[in-house]
Amino acid sequence: LSAMRQPEQTSFLFVLHPEAISIKETRRAIDELIKLDIENFSLIINGIIPPEGRRNPLFAARAEMQARYLVQIEFNFPYPKQRMTLLADEIQGVRKLRQVGKIFFDGEPDSRLEEVASVRAQSEMHVSSLDLVRARIQPNGHRRTVFFAGKGGVGKTVASCITAVWLAQQGYRTLLLTTDPAAHLGDVLDSPVGDEVAPVSGQPHLWAVKIDPKAAAETYKARILDDARQRGRPETAIQVMEEELDSPCTEEMAAFDKFIEYASQEGWEAIVFDTAPTGHTLRLLELPVDWSKQIDVKVFASVEGTAADDVAKQRFGKVIEMMSDPEQSTFAFVMYPEATPILEAWRAARELGTVGIHPGLVVANMVIPAEQVTTPFVQSRRLMQEKYLKEIAERFSVPLAQIPLLPQEIKGLKMLAELGELMYGNGDRAYAGKALEASHG
Ligand SMILES: Nc1ncnc2c1ncn2[C@@H]1O[C@H](COP(=O)(O)OP(=O)(O)OP(=O)(O)O)[C@@H](O)[C@H]1O
Ligand SMILES: [Mg+2]
C-alpha cells in the first residue's frame, strides 16, 4: 500500500467514456481508493467523437451528449486528464497500436480515414428474420423466461427493458427483474423500481423488482441459522455455519434464491431477467446447477446429513429444468459488434454450455443504422460492425436481434416501445394488447 500511495512509484489511470455509467463507476472506484489514502489519479477519457465524425447527424448528436458529460467530468474530477478520440476503425495488432500511440501521444492526425474514404459499404448484412427472433422471447403455451447476459455496459439493462416493455405491450403479464447491484433499471424505465414487485406506472401488464444481493444474503443467512437453531444445533456448530456463510457465494445463492421465489409465483406469462455483468451472472446460474458442491449443502448437511440433497433437489430441481429447457428459457447474450465483447460472450456461452444451458438469442447493440452511413468516418465504423455482425451470426448460429445506435441514452417507456418495434417488429398479440390498453383507458 505504501508504494501505491507514492505518485513517484504508482499511477492510477482511469479510463472512461464520457457517459453517465462510466462516470458513476469511476467515481465509485476513486472514492474506494481515497479511503486507502491513494490519490495519484489521472484520467483517460476515451471514445471522444472527432470533428470529422461530427459531420454526420447521429454522431453529431452523440458528440453533443459527450460534450455535456465532458463538462461534468471536468467539474467532478480534479485530476490530470487526457482525451482519446474514437477512431474510424478498431485497434488490433502491434502495428495499429504503434499508429494509435502516435495519434494519442504525439498528436499525429488519424490518416487512416483517407484510406477508407474510397471504400464502399457492403450491402450484405446479417439479419435474422424477426419471426425467428420473436420466437425466442414470446411465451409459447407456457411461460417464457429470458435472461440477458453479457459484458459490463454492453446494454443488458436496455435490452431487458425493451424486451419487457414489448412483451407487456403484446398483453403478456410480464415481470422484469434485476440482480445487478448497480442496477439502473429505474433510470431506464423512468419509473422507480424497488425491492418489492410493483407495477411499472404507464405500462400495463408490466411489473418490476430489484433484487439486492446484499439484503437477500442477510435474509438468507438469518433463515438458515434460525433453522439450525430450531433444530437444536449447538452454538459452536452455528458459529461454524455463520463463518461458512460469510462468503461471496452466499450473496449469489441468496439472489438466486430470491429469483426462484419470484419464478415460482403463478401468473407471470413472461419473466425478463436483467443480469449483472458476465462473470457474476455465470456463477449465479451455475451455482444451483452445481448445487451439490456448494456451501449451503454443507450447512444443511451439518444439520440433517443426506437430507440436504433432497432439500436442494426439491428447491432447485424445477428451476434447473426450466433453465435448461429452450422452450421455457432463453439465454440472450448482448454484445457490441466488436472483437472483445464477442469473444467474451462466446467464452461465457461455452462455459454455460458445460451445465447444459445454451444461448437462444444474441443481441447486437449499438448497430449504426444503414441510413446514417453518410461520411467516411461512419462508413468505416459501419464496415467494421458488418464484419462482426457476420461473425456473431456464424459463431453463435442462433437468431440475431439488433438494437440501433441512438443519438442519446435510452430512457423512458416511449423510446423503449419504439425500440421494441425495431427489435421485434409487431407481435401476434400487438393488437390484442393495444385494444386491452384502450379498454382500460
Ligand atoms: N443502442 C444504444 N444507443 C445509445 N445508447 C445506448 C444504446 N445501448 C445502450 N446505451 C447506453 O449505454 C449505457 C449502458 O447500457 P446498459 O446500462 O443497458 O448496459 P448494461 O450492460 O446493463 O451495463 P452494466 O453491465 O453496467 O449493467 C446506458 O447509458 C445506455 O443508455
Ligand atoms: Mg445493467
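Refer to the structure printed above.
Predicted, not measured: the structure shown is a model, and the values here were computed from it.

A. Highlighting a nonpolar patch on the surface. Taken together, the side chains of L1, M4 and L36 define a hydrophobic patch exposed on the protein surface, amounting to about 250 Å² of accessible area. Structurally, M4 can be placed in helix α1 (residues 2-5). Looking at M4, the relative accessible area reads 34%, which means it is partly exposed.

B. Layout of the packing of aromatic side chains. If you walk through the whole model with that rule in mind, you get 11 aromatic pairs. When the ring of W166 is compared with that of Y424, the centres are 5.2 Å apart and the planes differ by 50°; the resulting orientation is tilted. Within this pair, whereas W166 is found in helix α7 (residues 156-169), its partner Y424 is found in helix α17 (residues 413-424), the two being separated by 258 residues in sequence. Like Y424, W166 is buried. An aromatic cluster is built from F12, F14, F41 and Y79, whose rings are joined through pairwise contacts.

C. Local environment of unusual backbone geometry. Phi at D37 is positive, roughly 65°, even though this residue is not glycine. Tracing the chain through its elements places D37 in the loop between α2 (20-35) and β2 (41-48). A positive phi angle, close to 65°, is found at M366, a residue other than glycine. By the element assignment, M366 lies in strand β10 (residues 359-367).

D. Seen up close, the packing of helix α15 (residues 339-353) against helix α16 (residues 376-396). As a packed pair, α15 and α16 sit with axes 11 Å apart at the nearest point and diverge in direction by 10°. Classified by the angle between their axes, α15 and α16 sit roughly parallel to one another. Between α15 and α16, the residues in contact are A339, I342, L343, A345, W346 and A349 and Y388, E391, I392, R395 and F396, respectively.

E. Here's a closer look at the pattern of salt bridges. Going through the model one piece at a time under the given rule, you end up with 20 salt bridges. The salt bridge involving E25 is made with R28; its shortest N-O contact spans 2.6 Å. With E25 and R28 both in helix α2 and 3 residues apart, this pair spans about one turn of that helix. Exposure remark for R28: the relative accessible area of 43% places this residue in the partly exposed category. A cluster of three or more residues bridged by salt bridges with shared partners is formed by E218, K221 and D246.

F. View of helix α3 (residues 57-76). Relative to the 28 Å expected for 20 residues at 1.5 Å per residue, α3 spans 29 Å between its end C-alpha atoms, a close match to the ideal helical length. Those residues of α3 that sit buried are L58, F59, R62, A63, M65, Q66, Y69, L70 and I73. End-on view of α3: buried residues confined to an arc of 165°, all on one side of the axis. Turned more than 90 degrees away from the buried face of α3, the exposed residues are P57, E64, R68, V71 and F75. Buried residues along α3 sit in contact with β1 (12-16), α2, β2, β3 (81-85) and α16.

Reading the values: rules and limits
Residues numbered from 1 in each chain as written. Chains lettered and ligands numbered in written order. Predicted model: local features only at pLDDT ≥ 70, side-chain atom pairs only at ≥ 80, totals over all residues. Heavy atoms only, no water. Patch = residues over 30% accessible without salt bridge, like charges linked within 9 Å, V, L, I, M, F, W, Y side chains within 5 Å. Areas by Shrake-Rupley, 256 points an atom, 1.4 Å probe, with all protein chains shown as cover. Salt bridge = Lys/Arg side-chain N within 4 Å of Asp/Glu carboxyl O. Helix = DSSP H or I, 4+ residues; strand = E, 2+ residues; numbered from the N terminus. Buried < 20%, exposed > 50% of the residue type's maximum accessible area, 1.4 Å probe, protein only. Phe/Tyr/Trp six-rings, centres within 6.5 Å; stacked < 30°, edge-to-face > 60°. Axes fitted to C-alpha atoms, helices over the stretch in contact; angles between N-to-C directions. Parallel < 35°, antiparallel > 145°, perpendicular 65-115°, else oblique. Contact = heavy atoms within 4.5 Å. Expected span 1.5 Å × (residues − 1). Arc of directions from axis to C-beta.

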